[in-house]
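Structural overview for review
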Amino acid sequence: MGFIASCFFNLFEPFFRIGQRWLGLSRIAWLFVAPNLIIFGLFTFLPIVINFHYAMTSGVQIMPAARPFVGAENFSMLFECSNHFDISTCNQDLFWKAIANTSKFTVLQVVLMVFFSLLTALVLNRKIIGRSFWRGVFFYPVLLSPVVVALLWKWILQKHGLLNAGLMAGGYDAQEWLTDANWSFFWVIFVSIWAHMGFYTLILLAGLQAIPRDVYDAAEMDAASPWRTLSRITIPLLMPNLIVVVVLALIRAIQIFDEVFVLTGGGPGSATTFIVQYIYQVGFAEQIHLYGLAAAASLVLAAGILVLTLLQLKLSRAGEAGKKKR
């Protein structure tokens, strides 16, 4: 095998020699990363440029050259409202409904996600029976496809699903879990937490295990209460991991689509329609495909994610600077 591998790589040696002669020894690394740069540019940077073009053009034509330039008209349509405190007065009321739903979902989901992830990490960091097994159980949903997660819970929550069957067997009435606005929003939050909590628990668990044991021994010698140990030792030392978890959870919550689309389809009505589904619906699902409007909405979403990313970088650097001072 070694001889075969050697012969294979020797086939490329003349090309590398020519590249080294042309580029020089200091710039030969660009030759090795060129394939990745080409793929990255083709499938990442080029779509971004095309998206900007679509956001500045109008019409239903899909070919960029056939679309007339309209400037910021698509953004004006998104933000045009007679009264910004009344969604029904907006030109694109569904866009603002999606923004409101996304904001509400993000706040509730992230707060609950961080709380339960931290609680689970604290429990799994203790010496409990079957600790490795429970760690695997909590992380397992992360390995599942979002579509699989949504289909699984839809089978449980639908009108003739497993949950209603259990309620009826106990003498209770069946509930419309996915067609009632309040219940559907609750279950969307619940399913998203169930599906992704293991990932954030793993990050917090790694942070907990990095805290020196000597600190807890000293607190125990000083007769510190469990709450004081948690609030004065664990949380401050875990803060860099908590910042990462909060920002990653925020970004993921804003981008929620897969589970909700399969679970509720954005309904009932527009009760669980979020910003990414609005982009999909306007650009692809409706009979008239408004690519420009969908592209403009996606840039608004990208701006929000960019702000959160920059916030994460700033907070991470602040945390590292604080560590160095300590």
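All of the points below concern the structure found in this document. Being a predicted model, the structure only gives us computed values, none of them experimental.

**Description of the overall build of the protein**
A count of helical and extended segments in the protein gives 14 helices and 0 strands. Relative to the 2.2 N^0.38 estimate, which gives 20 Å for 326 residues, the radius of gyration of the protein is 26 Å and therefore markedly larger than a compact globule would have. Principal-axis analysis of the C-alpha atoms places the extent of the protein at approximately 70 × 60 × 45 Å. Going through the 326 residues of the protein one by one, you find that 33% of them count as buried. Put simply, of all contacts in the protein between residues at least 6 apart along the chain, 61% involve residues at least 24 apart. With the model as given, the accessible surface of the protein reaches about 20,300 Å², and the carbon-plus-sulfur share is 69%. In the protein, 22 side chains carry a positive charge and 16 a negative one; their mean positions are 13 Å apart.

**Some details on the packing of aromatic side chains**
Throughout the structure, instances matching the rule amount to 25 aromatic pairs. Judged by centre distance (5.4 Å) and plane angle (80°), the ring pair of Phe95 and Trp96 falls under edge-to-face. Owing to a relative accessible area of 1%, Phe95 belongs among the buried residues under this scheme. Counting every residue linked through ring pairs, the aromatic cluster contains Trp153, Trp177, Trp183, Phe186, Trp187, Phe190 and Trp194.

**Structural notes on helix H9 (residues 181-210)**
Relative to the 44 Å expected for 30 residues at 1.5 Å per residue, H9 spans 43 Å between its end C-alpha atoms, a close match to the ideal helical length. For H9, the N-terminal capping position is held by Asp180, with its side-chain oxygen 3.2 Å away from the main-chain nitrogen of Asn182.

Reading guide: rules and limits
Residues numbered from 1 in each chain as written. Predicted model: local features only at pLDDT ≥ 70, side-chain atom pairs only at ≥ 80, totals over all residues. Heavy atoms only, no water. Helix = DSSP H or I, 4+ residues; strand = E, 2+ residues; numbered from the N terminus. Rg over C-alpha atoms; globule rule 2.2 N^0.38 Å. Buried < 20%, exposed > 50% of the residue type's maximum accessible area, 1.4 Å probe, protein only. Contact = heavy atoms within 4.5 Å. Areas by Shrake-Rupley, 256 points an atom, 1.4 Å probe, with all protein chains shown as cover. Lys, Arg positive; Asp, Glu negative; His and termini not counted. Charge placed at Lys NZ, Arg CZ, Asp CG, Glu CD. Phe/Tyr/Trp six-rings, centres within 6.5 Å; stacked < 30°, edge-to-face > 60°. Expected span 1.5 Å × (residues − 1). Polar contact = N/O pair within 3.5 Å; in protein donor to acceptor, adjacent residues only side chain to side chain.

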